[in-house]
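Architecture and fold: a report
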Amino acid sequence: MTQDELKQAVARVARDYVADRLPVGGILGVGTGSTANFFIDEIAKIRDRIGGTVASSEATARRLQGHGIRVLDLNDVDAMGIYVDGADEIDASMAMIKGGGGALTREKIVAAVAETFVCICDASKRVPVMGRFPLPVEVIPMSRAHVGRELEKLGGTPKLREGFVTDNGNLILDVHGLSIIDPVGLEDHINQIVGVVTNGLFARRGADVLLLAAPQGVETYTR
């Protein structure tokens, strides 16, 4: 199977998961990226069951609206049953690196509100130790150089994501060369650097459910 076929397969399973577990009229959080896009196309088939969605990026909001799916402001939502999103890497503890699409801050906010975080990805994203995928760090523009120096002290090599500005008007430093053996500790440490908005480690709020697409089928893991 191609990677797109695996993404399509896991998106279908995630759609069925939502249909089975989200109450009719419930609020669904929706992530950002290529796998999330397949998921959006699938939930269009059950949009009448969904009371509304919260999008983790402007791009996701546009795609949802294009399917006639209602998009809500998170400030108007009191509770969210499920949040579905992909990951760039995920380890056995269900901690993740996210932010390859640059939406890490909004993704982290939506995940914090959701009762259940469902990660959807293909088997290539499951790793014993995270860090091969560069860790995104969203920074206030004037702090770029300072944050970069602090990240170098942690053993990483930060590189500015050229030509990219987040939906929040900030920059992304992608940190290469890390071996992340303490995801929670590193997440906390980086977030304490002045000028950092947040980083792409989702360890304190990891996935509750992992739907993992492999050639033999989609496997389900729970934390």
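Heads up: the structure comes first, above all this text.
Here goes a summary of the coordinates provided. What you see is a predicted model, and the numbers here were worked out from it, not measured in a lab. (Residues numbered from 1 in each chain as written. Predicted model: local features only at pLDDT ≥ 70, side-chain atom pairs only at ≥ 80, totals over all residues. Heavy atoms only, no water.)

Structural notes on the packing of helix α1 (residues 3-21) against helix α2 (residues 34-43)
The N-to-C vectors of α1 and α2 enclose an angle of 50°; their axes lie 8 Å apart at closest approach. Between α1 and α2, the angle falls in the class oblique. As for the relative orientation of α1 and α2, their crossing is right-handed in sense. Contacts between α1 and α2 involve Asp4, Lys7, Gln8, Val10, Ala11, Arg12, Ala14, Arg15 and Val18 from the former and Ser34, Thr35, Phe38, Phe39, Glu42 and Ile43 from the latter. (Axes fitted to C-alpha atoms, helices over the stretch in contact; angles between N-to-C directions. Helix = DSSP H or I, 4+ residues; strand = E, 2+ residues; numbered from the N terminus. Parallel < 35°, antiparallel > 145°, perpendicular 65-115°, else oblique. Left-handed = near helix turned anticlockwise from the far one by under 90°. Contact = heavy atoms within 4.5 Å.)

With respect to the side chain of Glu138
Take Glu138: it is sitting in strand β7 (residues 135-139). Although Glu138 lies buried, it forms no salt bridge, and the closest oppositely charged side chain, Arg106, sits 7.3 Å away as judged by the N-O distance. For Glu138, the side chain forms a polar contact with the side chain of Asn168, separated by 3.1 Å. Residue contacts for Glu138: discarding those within four places in its chain leaves Leu104, Thr105, Thr166, Asn168, Asn170, Leu171, Ile172, Gly195, Val196, Val197 and Thr198. (Buried < 20%, exposed > 50% of the residue type's maximum accessible area, 1.4 Å probe, protein only. Lys, Arg positive; Asp, Glu negative; His and termini not counted. Salt bridge = Lys/Arg side-chain N within 4 Å of Asp/Glu carboxyl O. Polar contact = N/O pair within 3.5 Å; in protein donor to acceptor, adjacent residues only side chain to side chain.)

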